[in-house]
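# Commentary on secondary and tertiary structure
Residues per chain, in single letters:
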Amino acid sequence: MSQVEKKVGLLRRSSSSKKPLKEKVVLMYDEIFYRYWYMNHAVNGPLPLQVNLEYLESKLESVDGEEVQRIQDNINSLFHHCVQALGEEHQIKVVNALQTLCALFRGVHQKNKSSSGFDIINMLMGFDKAELRMKDLMESLDSLLCGDGSESLKSLCLKLLLCLVTVTDNISQNTILEYVMINSIFEAILQILSDVSSRGQHGYDAVVLLALLVNYRKYESVNPYIVKLSIVDDEPTLDGMGMVVHHALTEYSRQYKAKEEENQGGFFSTLTTMVGNMFIADADEKLSVQTNEAILLALYEAVHLNRNFITVLAQSHPEIDMGVTSISPSPTTPTTPLGTSPPSLDAMNNQEQLTLDPNLQTSNLLITFLKYASIVMQDTKEEHRLNSARLCLIILTCIAEDQYADSFLHDDNMNFRVNLHKMPMRHRKKGVDKNIPCRPLVCAVLDLMVEFIVTHMMKEFPMDLYMRCVQIIHKLICYQKKCRIRLHYTWRELWSALINLLKFLLSNETTLLAKHNIFHLALLVVNLFNMFITYGDTFLPTSNSYDELYYEVVRMHQVFDNLYCMVLRVSTNTGQWKEPASKVTHSLVNVRAIINHFNPKIESYAAVNHISQLSEEQVLEVVRTNYDTLTLKLQDGLDQFERYSEQPREAAFFKELVRSISLNVRRNVSLSTMSQDLLLKEFSTIS
C-alpha cells in the first residue's frame, strides 16, 4: 500500500491481521487512475461525489507522464461530472463538487508545472470541450454567488475562484483564465460588494479576487475586468469596496497596536528602560514583518482606474478607537501572517451599523490608509516591506495628481486629527502625538512624507522611495500654487528635513554614487526650494512664512555651498554624472543669489551693532529690510511635473508584486479550507 493510502485513506484497522479499510471515495479515486474507468462510468450518470482532497491531489501528483495520458479521459469525465453537479438541488453535492474541482485544479497544475497551459486544459477537461465546460462552470458559479443560497456555499465558490486564479505563480501564464475573461463574473463580484450582509461575509475574498483578475495579462491584451472596473459609477458598490479595504487596513492597524502594547508591557518595558531603549527597534521590526499587499493592490487599482472611487476616500464615518473597542479577530491558523487575514464579520458589521455622534471623531478611508502607510513605511530593510512602502507611495502619487482628491485634501471645512505612527528614534520618544490639531488632510500627507525623509537616511538608502516622496510633495505644492491655497502648515519642518537630506547626500557621496544617481534627487529637492522662493508669496500662509524660508536658506547656507561645490566639480569633469550634475548647478542660481545677497547684509548688521551672534528675529529683520535689492531669475517649468504612468515604468514592479500576492493567496486558501465535518453537518441538515 502506498504512503498516500496509509496517510489519508484509512478509517480504522479492524485487527492487526486484517487489511485496513478504505473510504468509499478513496476506492473511487483509485479506480479513476485505471484506464477503463471512464468507459465503465461514462453512461452511468453523475458520480456519488464525496471528497478527500488530500488523497486526490496526492494521487494526481504521483502519476508519471505516461499515466497522465492513460487516465486523461477519466480526469475529463470527473471534471465534467463536477460541473454538472453544481446544478444539483442537494447542496451537499454542490459542496463536494466545488471541493473536488479545487483539488483537480491544484493537483493537475502541481503535477504539470512545466507543461503549457494548453496541455493542462487538455488534461483537465479536454481541449475540444474546454470552452463549453468553462462556460458551464462560470455560469454555475455566477448563479451560486448571486443567488439566495448558503453563505458557506458562496464562500466556497470564491475559494474555488481564488484557487483557480492562483494555481500558477505568474497568473498571466494561467491560460485557463482566458475563459474567466470571456465568461465574466465581474457583476457577481459587484453584487457582493454592494450588499452589506454579503460584503461582510465575502467582501475581502471578492476584492482580492477582483484585484488579481485585473492584473491578468494587463499589458498584453484588453482585460475586460480593467475596462469594467474603470467605468463603475454605482455609489453603493464603490462604497462597499471602500469599506472592505477600510476594514482590512483597520484590522492590520489593530493587530499592530495590540502587539505593540504587548511588547511594551511587563518585563520588556522594564528591560528597555534599563538599557536605554536599545531593543525597541528590534521589537518594531517583528511587529511590522507582514503587510497586506493584496488589499493595497485592490486600493491601488480602484484609485488608479476609477476616478469615481476618489470620492470614496473622503466618505466620513465614525472613527473606532481600537484600543477601547473590543473586536474579536477572525480565527486564523498560526501561520497566517499579521494583516493578511480578512477582518472579522463582527468587526465589519459593528462599524457599518454605528450612527454618527457629533461628539465622535470622524474618519475616512484616506485617513485609515495614511495610518496604515505610517506603519508599513517605518521599516524598509527587507524587500517585501520595501515593496509595500513603494505601493503606498504609488497610491499617494495617484491621489496627489487627481484634481478632486486635491480639492478635498485642501478643504478647510474637512479637518481631521490624524495620529500617524512614528519610528522610534534616539532624540524622541516612541508613541503617537495626542496633541495633533484638526487640520486639512493634506497636512497629514505632508507629515507622512516628512517623517519618511527624516527617518530613512541610512546605509541601504531607499532612493526610489525618496524620489517618490519628494515628487508627491511637489505635486501638492503645484496644486496649492495653481489654486492659491495658503495652507497653514509647519513648513519649517519640511524645509529642515529637505536640507538634512541634502546634507546626507553630500556626506555619503561616494557610497551613494556607486548605486544611485543622487543628482536627480538633489535636483528635485533644490527645485522644491525654488518653488517656495519663486511662488511662495502665492501659497505660503503669511509673509512671515516667506521670511522664515529665507532665514532657513541663509542659516543653512553651508549645505547649499557644499552642494554647489560638489556638483560644480562633477559637472566640469568628464563622466556619467556630468549632465545631471550640471542641471543641479543651474538650479542653485537663486538659492546662491539669496545667500550671497543676505550674508553680507547680516554680517554688516552684526558689525554695526557690535553683536557677535544675531538672534533669529534680528536676522529676520535684516531679511525683511533687504528684499528690494535682491535680484532673482525666473525659472521655467518649476510647476510642471510628469504624470504617473504604470506602463512601462512600473510594469516589472507590479508583475513581481502580483506574483508574491498570488503565492500568499494560494497558501491562505489552502489553510482556510472549510472543515469537511462542519460542511457535511451544515448541508446534510439542509438537504
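Residues numbered from 1 in each chain as written. Predicted model: local features only at pLDDT ≥ 70, side-chain atom pairs only at ≥ 80, totals over all residues. Heavy atoms only, no water.

Of regular secondary structure, the protein chain possesses 34 helices and 4 strands. The proportion of buried residues among the 687 residues of the protein chain is 54%. Long-range pairs, those at least 24 residues apart, make up 78% of the contacts in the protein chain between residues at least 6 apart in sequence. Working note: accessible area of the protein chain is about 31,600 Å², and carbon and sulfur atoms make up 50% of it. (Helix = DSSP H or I, 4+ residues; strand = E, 2+ residues; numbered from the N terminus. Buried < 20%, exposed > 50% of the residue type's maximum accessible area, 1.4 Å probe, protein only. Contact = heavy atoms within 4.5 Å. Areas by Shrake-Rupley, 256 points an atom, 1.4 Å probe, with all protein chains shown as cover.)

As a further point, take the packing of helix α27 (residues 518–539) against helix α31 (residues 589–608). Two numbers describe how α27 lies on α31: the axes approach to 9 Å, and their chain directions differ by 65°. Our classification of the angle between α27 and α31 gives roughly perpendicular. Once α27 is placed against α31, the crossing between them reads as left-handed. Mapping the contact onto sequence places Asn530, Ile533 and Thr534 in α27 and Asn590, Val591 and Ile594 in α31. (Axes fitted to C-alpha atoms, helices over the stretch in contact; angles between N-to-C directions. Parallel < 35°, antiparallel > 145°, perpendicular 65-115°, else oblique. Left-handed = near helix turned anticlockwise from the far one by under 90°.)

For the bond running from Gln647 to Pro648, omega is 10°, close enough to zero to count as cis. With respect to the helices, strands and loops of the structure, Pro648 is situated in the loop between α32 (616–624) and α33 (651–671). The residue Arg217 is not glycine, and still its phi comes out positive at about 45°. With respect to the helices and strands, the residue Arg217 is situated in the loop between α12 (196–214) and α13 (224–230). A positive phi angle is found at His610, which is not glycine, with a value near 55°. For His610, the location among the structural elements is in the loop between α31 and α32. Here His610 falls in the exposed class, since its relative accessible area comes to 73%.

Okay, the confidence of the model for the protein chain next. Summary statistics for the protein chain give a mean pLDDT of 82 and a share of 78% for residues scoring 70 or more. Below pLDDT 50 for its whole length, residues 1–21 participates in 28 contacts with residues either more than four positions away or in separate chains. Per-residue pLDDT stays below 50 along residues 36–46; that stretch engages in 14 contacts with residues further than four places along the chain or on separate chains. (pLDDT = per-residue confidence, 0-100.)

All right, on to the side chain of Gln480 then. Inspection of the secondary structure puts Gln480 in helix α24 (residues 463–483). Discounting chain neighbours no more than four positions away, the residues touching Gln480 are His410, Val442, Ile485, Leu487, Trp491 and Phe539.

Turning our attention to the pattern of salt bridges. A complete count under the given rule lists 30 salt bridges for this structure. Note that Glu401 is salt-bridged to Lys475, the shortest N-O span being 2.7 Å. Placement of Glu401 in helix α21 (residues 383–401) and of Lys475 in helix α24 is noted, with a sequence separation of 74 residues between them. This pair shows no difference in class: Glu401 is buried, exactly as Lys475 is. Of the charged contacts, one joins Arg468 and Glu650 as a salt bridge, the two residues approaching to 3.0 Å between their closest N and O atoms. Residue Arg468 is found in helix α24, and its partner Glu650 is found in the loop between α32 and α33; the two are separated by 182 residues along the sequence. You'll find Arg468 and Glu650 in the same group, each marked buried. (Salt bridge = Lys/Arg side-chain N within 4 Å of Asp/Glu carboxyl O.)

Two measures define how a pair of helices packs: the angle their axes make with one another and the distance between the axes. Relative orientation of the contacting elements helix α23 (residues 441–455) and helix α25 (residues 491–507) amounts to 30°, with a least axis distance of 9 Å. Judged by the angle between their axes, α23 and α25 are roughly parallel. Between α23 and α25 lies a crossing whose hand is left-handed. Contacts between α23 and α25 pair Leu446, Val450, Ile453 and Val454 from the former with Trp491, Glu493, Leu494, Ala497, Leu498 and Leu501 from the latter. Its residues assigned to classes, the contact of α23 with α25 shows 9 nonpolar, no polar and 1 charged. (Nonpolar A, V, L, I, M, F, W, Y, C, P; charged D, E, K, R; others polar.)

So, on to the packing of aromatic side chains. The description of an aromatic ring pair rests on the distance of the ring centres and on the angle between the ring planes. Using the criterion set out here, one finds 22 aromatic pairs in the structure. Plain terms: the ring middles of Phe452 and Tyr466 are 5.2 Å apart, the flat faces sit at 55° to each other, and that makes the pair tilted. Of this pair, Phe452 sits in helix α23 while Tyr466 sits in helix α24, and the two are 14 residues apart along the sequence. On the basis of relative accessible area, Phe452 is assigned to the buried category, the value being 2%. On the basis of an interplanar angle of 40° and a centroid distance of 6.0 Å, the ring pair of Tyr546 and Tyr627 is categorised as tilted. Of this pair, Tyr546 sits in helix α28 (residues 543–555) while Tyr627 sits in the loop between α32 and α33; the two residues are 81 residues apart in sequence, bridging distant segments of the chain. The buried category is assigned to Tyr546, whose relative accessible area is 15%. Cluster of aromatic residues (ring-pair linked, three or more members): Tyr489, Trp491, Trp495, Phe532 and Phe539. Taking the ring centre of Phe654 as reference, the NZ or CZ of Lys218 above it sits at 5.6 Å. Above the ring of Tyr564, the side-chain terminus of Arg592 is found at 3.7 Å from the ring centroid. (Phe/Tyr/Trp six-rings, centres within 6.5 Å; stacked < 30°, edge-to-face > 60°. Lys NZ or Arg CZ within 6 Å of the ring centre and 35° of its normal.)

To continue, consider α24. Spanning 21 residues, α24 covers 31 Å between terminal C-alpha atoms, matching the ideal 30 Å at 1.5 Å per step. Of all 21 residues making up α24, 16 are buried, and the element is well covered by its neighbours. (Expected span 1.5 Å × (residues − 1).)

What follows deals with the environment of Cys483. Along the chain, Cys483 turns up in helix α24. The partly exposed category is assigned to Cys483, whose relative accessible area is 35%. Taking the C-alpha atoms as reference, Cys483 lies 9.5 Å from Ser407; in sequence the two are 76 residues apart.

Here we come to the environment of Leu160. Mapped onto the elements, Leu160 comes out in helix α9 (residues 151–165). Note on Leu160: relative accessible area 2%, which makes it buried. C-alpha of Leu160 to C-alpha of Thr100: the two residues are 60 residues apart in sequence and 9.6 Å apart in space. Residues in contact with Leu160, not counting those within four places in the same chain, are Leu98, Leu101, Cys102, Phe105 and Leu141.

Another point: the environment of Cys82. Along the polypeptide, Cys82 turns up in helix α5 (residues 65–85). For the pair formed by Cys82 and Leu101, sequence separation is 19 residues and the distance between their alpha carbons is 6.7 Å.

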